[in-house]
Amino acid sequence: MTNTGEDEAPALPGRRGVIKSFGIAAGGLAAGAAGGAAVVAGLPAETPASAMAIPSAGYWRPARGHVDVTWSVDTDQRLVALTFDDGPMPDWTPMVHDVLDAEKVKATFFMVGERLLANARLVHGRMARHEAGNHTWQHKDLSLLTHDQAHRQIHRAHAAIKKITGKEARHLRPPFGQLGGTTLSAAGQLGYDVTIWSIKMLEKTYEKNPPQLVDYIVNNTRPGTIVLAHDTGKPDRLVALKNLVPMIRGLRAKGFEFVTVSELIEAGAQPGPAKRP
């Protein structure tokens, strides 16, 4: 993976001016650093520091007071969000964009910041209908990192996404779907919500039988589903990408509309009773 050499953390983007807006400035962070040690000292010996949900022993709150974690959305509308992780990379990202353009489908790309800076040309002029999500700077497992390390991974990716795409990422997908307390506290400090998924491409399972993968996705997608795919990775993932067209057309035949993650969440924001599985 290309190292861009950007060792200095970029300035927080304007929309995410959390440090200024919420007074988590030099004094507060300094106190938090000392307080954080006290919090760690109070944990059972076997508890990793990455399990901490509070980075300071003093007063602390995330930017909006909460972090939402979404697997799917409760909605009666036949909406589905396609998501693609780990790119952009030269191998398959252009192929995915070509399919989505031809089918006029929106999607959300959870981008790895370091890869985005190295492969910016792959997305130039191609993100207009799509949403950019944050998949960290280096695709590190956030559940193993301290608050400061997780914060840096999310923050640097945010700045890269803003610089290359001109879009403000609003949703974080932690690599491997792994959550830790520090994942949530760092996301919260930067004003992010967390998006997981409710169904994923089972490439290994259906590698030798692509039509069954198409049937699996089409028959198991419900209103409010978030679908996980990848636009780079091991060769078996191609079984999903090479069959995006029949999946898309199969879902459309069942009345589904493709939306971004933000649009899906907005559609589910109307108050109503929670549905039971």
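Remember, it's a predicted structure, so these values are computed and weren't measured experimentally.

**Side note on the overall build of the protein chain**
Counting its secondary structure elements, the protein chain contains 11 helices and 9 strands. In the protein chain, of all internal contacts separated by at least 6 residues, the share reaching a separation of at least 24 is 78%. Counting only carbon and sulfur atoms, one obtains 54% of the accessible surface of the protein chain, whose full area is about 13000 Å².

**Let's talk about the pattern of salt bridges**
In this structure the tally under the stated criterion is 11 salt bridges. One salt bridge connects Asp101 with Arg126, and the closest N-O pair in it is separated by 2.8 Å. Pair noted here: Asp101 is in helix H3 (residues 93-103) and Arg126 is in the loop between helix H4 (113-118) and strand S4 (131-134), with a separation of 25 residues, a long-range link. For Arg126, a relative accessible area of 21% gives the class partly exposed. When the shortest N-O distance is used, the salt bridge between Lys106 and Glu263 registers 2.8 Å. Of this pair, Lys106 sits in the loop between H3 and strand S3 (108-111) while Glu263 sits in helix H11 (residues 261-267), and the two are 157 residues apart along the sequence. In this structure Glu263 comes out as partly exposed when scored by relative accessible area, which is 30%.

**Some points on a nonpolar patch on the surface**
There is a patch of nonpolar side chains on the surface, built from Trp71, Leu179 and Leu184 and spanning about 270 Å² of accessible area. Mapped onto the secondary structure, Leu184 falls in helix H6 (residues 181-189). With relative accessibility at 30%, the residue Leu184 sits in the partly exposed group.

**Structural notes on the nonpolar core**
Of all hydrophobic cores here, the largest spans 63 residues; its most connected members are Leu82, Phe84, Leu100, Phe109, Ile154, Met201 and Ile248. Other than its neighbours up to four places away in sequence, Ile248 contacts Leu82, Val99, Leu100, Glu103, Val105 and Phe258.

**Remarks on the pairing of strand S2 (residues 79-85)**
Within S2, 7 of the 7 residues are buried, which leaves it mostly tucked inside the rest of the structure. Neither face of S2 is exposed, since Leu79, Ala81, Thr83 and Asp85 on one face and Val80, Leu82 and Phe84 on the opposite face are all buried. Relative to strand S9 (residues 257-258), S2 is paired through 2 bridges, and the arrangement is parallel. Looking at the pairing, Val80 lines up with Phe258 of S9. Of the strand pairs in this sheet, S2 and strand S8 (residues 225-230) are connected by 6 bridges, and their pairing is parallel. When the bridges of S8 are listed, Val80 appears paired with Thr225. Strand direction decides the pairing type here: S2 and S3, joined by 3 bridges, are parallel. Within S3, the position partnered with Asp85 by the bridge is Phe110. Read as a crossover between parallel neighbours, the route from S2 over H3 to S3 is right-handed.

Basis of the calculations
Residues numbered from 1 in each chain as written. Predicted model: local features only at pLDDT ≥ 70, side-chain atom pairs only at ≥ 80, totals over all residues. Heavy atoms only, no water. Helix = DSSP H or I, 4+ residues; strand = E, 2+ residues; numbered from the N terminus. Contact = heavy atoms within 4.5 Å. Areas by Shrake-Rupley, 256 points an atom, 1.4 Å probe, with all protein chains shown as cover. Salt bridge = Lys/Arg side-chain N within 4 Å of Asp/Glu carboxyl O. Buried < 20%, exposed > 50% of the residue type's maximum accessible area, 1.4 Å probe, protein only. Patch = residues over 30% accessible without salt bridge, like charges linked within 9 Å, V, L, I, M, F, W, Y side chains within 5 Å. Core = buried A, V, L, I, M, F, W, Y, C linked by side-chain atoms within 4.5 Å. Pairing = 2+ DSSP bridges. Right-handed = clockwise from strand over helix to strand, strands pointing away.

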